[in-house]
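Listed here are the chains, written in short residue letters.
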Amino acid sequence: MQHPPYILPPCPALPNREAVATHAQSCLAAVGLEDWHFVWDRAVKRMGCCRPALRTISLSRYFVEAYLSIDPQEIHLTLLHEIAHALAWQHRRARAHGAIWRQYCSLLGLTDTRATKPLQDFTPPHLQRQPRYALCHAQTGEILRYYKSRPRRSAAQWRHCYIPGRKNETLGQLIIKQIYPESPYKDISDKTREN
Ligand SMILES: [Zn+2]
């Protein structure tokens, strides 16, 4: 490995998810992965994920929201874990948690190279009863309501509905999506920090 250690921006205070996303994107830029992107996902069994086919690293919004108060440093460490996957793939086409990935962990200053790590167990409040459907905004993807069973209203009927207090923005924009079970990822969907 010829590359000198990467110099990352120091982990800032992480008061909210926006700060996490900004920090993630600046870390990607700092290691030369400008054409990779940070995105949010809705996983409930692991915090982080690297998807080389999409050039994305992602964090679970649910885990991050919980860990902002439990242990923000854990969010940063998960980010480094996923960036090491991205670097291993970008430069060496290496997947999983082998020697090449561990070398990149080392260059990032990440000493904990466990593939998985137990995290504090929690279930997002809205998933405790496992709703299977969500009412979403068709343009933004924002989830507006959860349902345990599929609402009987047809798509045509939903077009005449809106969220009280948000009529301008939601009228004609409401769609039902199945959110559970999640569709399985097709590429690296590692069990990083799985409970
Ligand atoms: Zn991993």
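Analysis parameters
- Residues numbered from 1 in each chain as written.
- Predicted model: local features only at pLDDT ≥ 70, side-chain atom pairs only at ≥ 80, totals over all residues.
- Pairing = 2+ DSSP bridges.
- Helix = DSSP H or I, 4+ residues; strand = E, 2+ residues; numbered from the N terminus.
- Axes fitted to C-alpha atoms, helices over the stretch in contact; angles between N-to-C directions.
- Core = buried A, V, L, I, M, F, W, Y, C linked by C-beta atoms within 7 Å.
- Buried ≥ 20, exposed ≤ 12 C-beta atoms within 10 Å, placed from the backbone.
- Contact = placed C-beta atoms within 7 Å.
- Expected span 1.5 Å × (residues − 1).

Things to note about the sheet that holds strand β4 (residues 133-137)
- Ordered by their spatial adjacency, three strands build an open sheet running β5-β4-β6, and the pairing between neighbours is antiparallel. For this open sheet the edge positions go to β5 (143-147) and β6 (174-178), each flanked by a neighbour on one side alone. For this sheet the average axis-to-axis angle between neighbouring strands, irrespective of direction, equals 25 degrees.
- Where β4 and β5 come together, four bridges link them in antiparallel fashion. Bridging across to β5, Leu 135 finds its partner in Arg 145.

With respect to the nonpolar core
- The biggest cluster of nonpolar side chains holds 32 residues, and the ones touching the most others in it are Leu 28, Ile 83, Ala 84 and Ala 86.
- Mapped onto this core, the elements with two or more residues apiece are α1 (17-30), β2 (48-51), β3 (56-60), α2 (61-70), α3 (72-92) and α4 (99-107).
- Looking at this core element by element, the count peaks at nine residues for α3.
- Residues within four places of Leu 28 in sequence aside, it is in contact with Leu 33, Trp 36, Phe 38 and Ile 83.

A word on α3
- For α3, which comprises 21 residues, the first-to-last C-alpha distance of 30 Å matches the rise-based estimate of 30 Å (1.5 Å per residue) to within 8%.
- After α3 finishes, the residue Arg 93 shows a positive phi value of roughly 50 degrees.

Some remarks on the pairing of β3
- Of all five residues making up β3, four are buried, and the element is well covered by its neighbours.
- Strand direction decides the pairing type here: strand β1 (residues 37-41) and β3, joined by five bridges, are parallel. Bridged to Asp 41 within β3 is Ser 60.
- Sheet analysis places β2 next to β3, joined by four bridges and oriented antiparallel. Considered in β3, the bridge of Cys 50 is made with Ile 57.

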